[in-house]
Amino acid sequence: MNVTKVDHIGIAVKNLDEALKFYEEVLGIKCEGTEVVEEQKVKVAFLPVGDTEIELLESTSEDGPIAKFIEKKGEGIQHIALRVDNIENAIEEMKEKGIKMIDEKPRYGAGNAKIAFCHPKSTSGILLELSERK
């Protein structure tokens, strides 16, 4: 597996517009756009910082994974994503090394990425996303 960089840090927020005010007005980081990912029940805002991004995540449903995360842990860092050059190979390598995968096959993620999540029980409590972008 070839990890090329930290792709993004996913931050769960209750209100995307309110959170964006902090990042844009206080920190001066401009949002490059938003996207709704229906299958994940989430609205995402992308904020580039150098060669990585901050990804703000607002649930679009009370039963979505981000809503459940906020209910359990509050707003904050929800996941860290690492860019890989071949997600299918990365998933197989993780499984071969005994890492429990939430996603056995890649799925569509925000920003037109192919993604797969590793289970936090295998990664010292961190929800780790593998991300491939072309």
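Residues numbered from 1 in each chain as written. Predicted model: local features only at pLDDT ≥ 70, side-chain atom pairs only at ≥ 80, totals over all residues. Heavy atoms only, no water.

## A short note on the pattern of salt bridges
Part 1 of the reasoning: Evaluated as defined, the whole model comprises 11 salt bridges.
Part 2 of the reasoning: K114 is the partner of E88 in a salt bridge, and the nearest nitrogen-oxygen pair spans 3.1 Å. Taken as a pair, E88 in helix α3 (residues 87-96) and K114 in strand β7 (residues 113-118) lie far apart in primary sequence, 26 residues in all.
Part 3 of the reasoning: Between D103 and R107 there is a salt bridge; the shortest N-O distance is 2.9 Å.
Part 4 of the reasoning: Salt bridges linked by common partners bring D7, E53, R83 and R133 together as one network. (Salt bridge = Lys/Arg side-chain N within 4 Å of Asp/Glu carboxyl O. Helix = DSSP H or I, 4+ residues; strand = E, 2+ residues; numbered from the N terminus.)

## Notes on the UniProt feature "domain: VOC" (unreviewed entry) in the chain
Part 1 of the reasoning: Mapped onto the present numbering, the UniProt feature "domain: VOC" (unreviewed entry) falls at residues 5-133.
Part 2 of the reasoning: Structurally, residues 5-133 is divided into 23% helix and 40% strand, and its ends, taken at the C-alpha atoms, are 12 Å apart. (UniProt positions renumbered as here; feature names shortened; annotations may be inferred.)

## Considering the pairing of β7
Part 1 of the reasoning: The buried fraction of β7 amounts to 5 of the 6 residues, a majority that puts the element mostly inside the structure.
Part 2 of the reasoning: Strand direction decides the pairing type here: β7 and strand β8 (residues 128-132), joined by 5 bridges, are antiparallel. In the sheet register, A116 faces β8, and the bridge partner there is L130. (Buried < 20%, exposed > 50% of the residue type's maximum accessible area, 1.4 Å probe, protein only. Pairing = 2+ DSSP bridges.)

## A closer look at unusual backbone geometry
Part 1 of the reasoning: Although it is not a glycine, N112 sits at a positive phi angle of roughly 60°.
Part 2 of the reasoning: Turning to its location among the elements, N112 is positioned in the loop between β6 (107-109) and β7.
Part 3 of the reasoning: Residue N112 is classed as exposed on the basis of its relative accessible area, which comes to 62%.

## Focus on the sheet that holds strand β3 (residues 42-49)
Sheet strands associate in pairs through backbone hydrogen bonding, adopting either a parallel or an antiparallel arrangement.
Part 1 of the reasoning: Taken together, 8 strands build an open sheet; the order of strands is β2-β3-β4-β1-β5-β8-β7-β6 and the sheet is mixed. Strand pairing shows two members of the sheet lacking a second neighbour, β2 (34-37) and β6, which therefore form its edges. Each adjacent strand pair in this sheet contributes to an overall mean axis angle of 35°, direction not counted.
Part 2 of the reasoning: Here β2 runs beside β3; their pairing, made up of 4 bridges, is antiparallel. Counted as the bridge partner of V36 is K43 from β3. (Axes fitted to C-alpha atoms, helices over the stretch in contact; angles between N-to-C directions.)

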